[in-house]
Amino acid sequence: MALMVGARVLARNLLRPWSRLPDAVPGRTGPAAGGGDGVRCFGSPRVLVETDPAKGVAVIKLKNPPVNSLSLEVLTEFVISLEKLENDKTFRGVIVTSDCPGIFSAGLDLTEMCGKSQAHYAEYWRAVQELWLRLYLSNLVVIAAINGVSPAGGCLISLTCDYRVLADNPKYSIGLNETLLGIVAPSWFKDTLVNTVGHRTAERALQLGLLFPPAEALRVGIVDQVVPEDQVHSAALSVMARWLAIPDHARQLTKNLMRKPTADRLVKQRDADIQYFLQFISRDSIQKSLRVYLDKLRQKKG
Ligand SMILES: CC/C=C\C/C=C\CCC/C=C/CC(=O)SCCNC(=O)CCNC(=O)[C@H](O)C(C)(C)COP(=O)(O)OP(=O)(O)OC[C@H]1O[C@@H](n2cnc3c(N)ncnc32)[C@H](O)[C@@H]1OP(=O)(O)O
């Protein structure tokens, strides 16, 4: 039942005409994503989309302060924005970045996984799965311009992209640090990392919950390029131009060849994966770990 409610909510959101989204900011023109006129913006307050139709490129900027945590709303709005771009043949590439200074994304929203109902957990997890599937199998060239720290789910988002550019700032570490929270990265998080850095590096990184600073991130291959902070966006645009020089059909079929087997593993057992998540996240010991971790984050200031 819970699963059906979750699926219905997501389906309703996905099918809702864009212009009727409650938070939509349609047709606002703004400063160019890559310079020049004709840039149009749409999206929602938490997921801004700047489009440059002449270049065929869009920029998705996550804006969920203070830390760009991936709440249910952010996940849903992100999927809707991607869907809109995928369906508009004007666009061939998208850059994913953050509008929150110093933070790419703090990952999954811990408050969505703590002290909530089973129905809520199911709805949330389906939304996490949905975003992963959409990003991982996107026909667009997807480039991450990582302009801030990027733990766990934040790292996962960038791992689904075709290429990762990281700003060279020692504070901007990246990795799947789930074990440090007393939780476990699901198998498809693990697969995404293994497909990027190889089995041994992934095993060590996952068990130890490693967060790599830029130079190390580049060395292990969890990012493809490290550039000075003020060049992240221009570097992402240069990389985009190179990837867009490849004929779409050949690149898309090749991407599918590389990624579909991994995605299919989740698609074939999506409901079972949700059930497993429900069992795991509802355990008293896991809820306790999450509460302790959240309290530590909150007390940092005090
Ligand atoms: C099939 C499945 C089978 C098995 C496994 C099942 C399930 C487990 C899988 C679950 C996977 C989870 C992946 C995740 O993404 S978990 C999230 C991991 N994220 C982190 O560890 C990052 C935590 N945050 C930080 O380290 C810092 O906040 C950060 C470095 C990002 C920024 O530091 P800064 O000093 O700038 O800000 P803070 O003062 O720390 O934070 C400001 C407020 O934001 C709150 N906060 C931070 N992170 C989160 C978050 N991820 N979710 C929700 N809220 C967050 C923080 O508490 C502060 O709140 P207030 O004090 O202002 O109330």
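So, how was this worked out
Residues numbered from 1 in each chain as written. Predicted model: local features only at pLDDT ≥ 70, side-chain atom pairs only at ≥ 80, totals over all residues. Heavy atoms only, no water. UniProt positions renumbered as here; feature names shortened; annotations may be inferred. 1 Å grid on protein atoms, 1.4 Å probe; cavity = no way out; pocket = protein on both sides within 12 Å on 5 of 7 lines; lining within 4 Å. Points joined across faces, edges and corners; volume = space filled by probe spheres on them. Helix = DSSP H or I, 4+ residues; strand = E, 2+ residues; numbered from the N terminus. Nonpolar A, V, L, I, M, F, W, Y, C, P; charged D, E, K, R; others polar.

- With an unreviewed UniProt entry as reference, the chain is termed Enoyl-CoA delta isomerase 1, mitochondrial, source organism Lynx pardinus.
- Reading the Sequence similarities (unreviewed entry) entry of the UniProt record for the chain gives the comment "Belongs to the enoyl-CoA hydratase/isomerase family."
- Regarding the chain, the relevant UniProt record gives this comment under Pathway (unreviewed entry): "Lipid metabolism; fatty acid beta-oxidation."

**A word on the layout of surface pockets**
Empty space left among the atoms is revealed by rolling a probe the size of a water molecule over them.
Step number 1: In this model, the largest pocket occupies a volume close to 1200 Å³.
Step number 2: Together, 42 residues line the largest pocket, and Ala-106, Leu-108, Leu-110, Leu-181 and Tyr-293 are the ones closest to its centre.
Step number 3: Elements represented by at least two residues in the lining of the largest pocket include exactly strand E8 (148-151), helix H5 (187-197), helix H10 (270-282) and helix H11 (284-299).
Step number 4: Empty space within the second largest pocket amounts to approximately 350 Å³.
Step number 5: Lining the second largest pocket are 14 residues, and of these Asp-162, Trp-243, Lys-255, Met-258 and Arg-259 lie nearest its centre.
Step number 6: Of all the secondary structure elements, the ones that give two or more residues to the lining of the second largest pocket are H5 and helix H9 (248-267).
Step number 7: The element contributing the most residues to the lining of the second largest pocket is H9, with five residues.
Step number 8: Here the lining of the second largest pocket is built from residues that sort into five nonpolar, three polar and six charged.

**Looking at empty space enclosed by the protein**
Step number 1: Per the stated rule, a full pass over the model turns up two cavities of 30 Å³ or more.
Step number 2: Looking at the largest cavity, the residues that line it are Leu-70, Leu-75, Leu-108, Val-128, Leu-131, Trp-132, Leu-135, Gly-153, Leu-156, Ile-157 and Thr-160.
Step number 3: Those elements that provide at least two residues to the lining of the largest cavity are helix H3 (118-136) and helix H4 (153-159).
Step number 4: Estimated volume of the second largest cavity: approximately 30 Å³.
Step number 5: If you go around the second largest cavity, the residues you meet are Tyr-136, Leu-137, Ser-138, Asn-139, Gln-252, Lys-255, Asn-256 and Arg-259.
Step number 6: For the lining of the second largest cavity, the leading source of residues is H9, giving four residues.

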